[in-house]
Amino acid sequence: MAEDPGGAPAPRRLAYVFEPGSFATLALFEAARGLCELVWVADASRPEVAELTPLLRRLGTLVDVAGLSTVEAAAAVAAHEPDGILALADDALCVTAELAELLELPFHSPATARRLTDKFAQRAALAAAGLDVPGSWVIAGADPAPALAALEGELRFPAVVKPRHGEGSRDTFPVASAAELRTVVALALDDDGVRDLVVEEYIADAEGDVAGEGFAGYVSVESFVSAGAVCHLAVNGRTPPAAPFRETGFFIPSALDPSAQGAVLDVAAQAARAVGVTTGCLHTEIKLTPKGPVVIEVNGRIGGGVPELLAAAAGERLLTIAMRLALGETIRLDGPLHCDRVAFLLYVQAPRELRVVTSVEGLDELRALRGVDEVVLRRGPGDRVDWREGNHGHVLSVFGTVEDHDELRRVLGRVASTVDIVGE
C-alpha cells in the first residue's frame, strides 16, 4: 500500500474488472465507500462500456485495456498499485484470474476460473471429488455430427442442451429423444457454427413440495470462501420456473427444513472445494432429488439480485464482503445468517410463444400490494421477447419483503392473478 506525502497510509485500491451487464456501477461505488478506491478495468472500445466511461471516471480511476494483451493490461493496472482485484461477471472471470496471477493478487486461479465457466470441466471436477453428477457430453459446434452419433447409444432421456459457456439459462433446451436432440442442436448453434454445447442427463425431480409448499425443488447457496474456509450466508429459495427453464423468483431465506438445509450446505461446501475455490463469493445452484441434493452449477461470483435480498432479509452487505475478500481480508462467519424477514425478487416471464409485447396490465395494482417495494418494467409495448434469453428475458421484476413464507405465497398468487402480459 502506498503512503501519502505526510506518511499516512493511502486508501486501499481495488481493481474491478468491469462488465456493464453485471452489478450496477453506483451499487459497486457505494459498496466500496469507506473501504477502498475503485480502479475500473474496462474495454472502452465496447459501445456499452463507452457510454459509461464518464461515470466510471467520476467514481474512480479508469484503466482502458482496449486492444491490450493480458500482459499489457496487467502492466497498465499495476501502475495504479492495486491491493486487490475483483470481477463479478462470468465473462470476466478467466481474464481476471490471469491478471490476478500476473499481479500476484488473490482471486480464483486460472484453472479454477475455467472450471467455474466451463460446464463440462466443472462436471468432471465435481465427479472426480465424488459428488453425484448427471452424465455430461460435449458437442463441438464446428462439427457436431460425431458427438451426436456417439450419443445415440449412450445418452438417457430426458436430457438438457445448453451452451458450454453461458449463464442465466440462455439457450437451454429440454430434449426427449435422439431426433429431438438433433433438431435442438441445429437450432442452438450460432450461425457461424463454432459454439460448443453441453448435453446433460436431466437431474431427477424429488416428489412433493420438498422445498416448501408451492416452491420449486431447487435452491441456491450463497457462500464465500476466505483463506480456504467455506462460509454460508443463506439458502436462497425458488418459485416454480417458467417453461422450459426460466427463473420466476428467488427468496431468502428458503423454506427448507433443517435436515434438508444441512444436506444442501454440505454439498455446496464439497462443490466449492471440488472446483478449487480458495477465496471469493459463490452462488451454487442445487437441486433436491430422490437421492439427495445434486449440484446444478457452481458460479464463481455473486448471484444476480442476491445483494439486495441479503440486505433486506438480514442487513448484510454482500458486495462489500466480496471487496474485502479481494483486498486480502480474512472473514469468518457462522452462517447461515439470521433473517428477520423474507425478501423476494420475482421475475414475471412472458408466455413462451410471445414474440412482441403489446401491453402489460396490472402494474398499478401490483405496486399497491402489501409487501411489494419495487416493480420494474423491463419490456413494454413494442418490445421484443424471446424465451431463449432465459432469465434475462423477463418482462418485469417485483422486489419486496414479507413476514413469512405464507405471506410470500399470498404475494405470488396475487402477482399471478394481477399481471397480464399481452402480445403476439
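Up top is the structure these notes are about.
Structural notes, computed from the coordinates. (Residues numbered from 1 in each chain as written. Predicted model: local features only at pLDDT ≥ 70, side-chain atom pairs only at ≥ 80, totals over all residues. Heavy atoms only, no water.)

1. Overview of the overall build of the protein chain
Counting its regular elements, the protein chain contains 14 helices and 18 strands. For a compact globule of 424 residues, the expected C-alpha radius of gyration is about 22 Å, and the protein chain comes in at 22 Å, within 12% of that figure. Taken over the C-alpha atoms alone, the protein chain extends approximately 70 × 55 × 50 Å along its principal axes. Burial status across the protein chain gives 52% buried among its 424 residues. Long-range contacts, defined as pairs at least 24 residues apart, comprise 67% of the intrachain contacts of the protein chain with a sequence gap of at least 6. Approximately 18100 Å² of the protein chain is accessible, and the part contributed by carbon and sulfur atoms is 51%. (Helix = DSSP H or I, 4+ residues; strand = E, 2+ residues; numbered from the N terminus. Rg over C-alpha atoms; globule rule 2.2 N^0.38 Å. Buried < 20%, exposed > 50% of the residue type's maximum accessible area, 1.4 Å probe, protein only. Contact = heavy atoms within 4.5 Å. Areas by Shrake-Rupley, 256 points an atom, 1.4 Å probe, with all protein chains shown as cover.)

2. Brief notes about helix H10 (residues 258-275)
With 18 residues, H10 extends 26 Å from end C-alpha to end C-alpha; this agrees with the ideal 26 Å at 1.5 Å per step. Looking only at H10, the buried set comprises Val264, Leu265, Val267, Ala268, Ala269, Ala271, Ala272, Ala274 and Val275. Between a side-chain oxygen at the N-terminus of H10 and the backbone nitrogen of Ser259 the separation is 3.1 Å; the capping residue is Asp257. Once H10 ends, the next one or two residues include Gly276, with phi positive near 90 degrees. (Expected span 1.5 Å × (residues − 1). Polar contact = N/O pair within 3.5 Å; in protein donor to acceptor, adjacent residues only side chain to side chain.)

3. Describing the sheet that holds strand S6 (residues 159-163)
Strand order in the open sheet formed by four strands is S5-S8-S6-S7, with antiparallel pairing between adjacent strands. Edge positions in the open sheet fall to strand S5 (136-139) and strand S7 (173-175), since each of these has one partner strand only. Strand-to-strand twist in this sheet, taken as the mean axis angle between neighbours without regard to direction, amounts to 25 degrees. The sheet contacts of helix H7 (residues 119-128) involve S5, S6 and strand S8 (197-201), and relative to S5 the element is tilted by about 155 degrees. (Pairing = 2+ DSSP bridges. Axes fitted to C-alpha atoms, helices over the stretch in contact; angles between N-to-C directions.)

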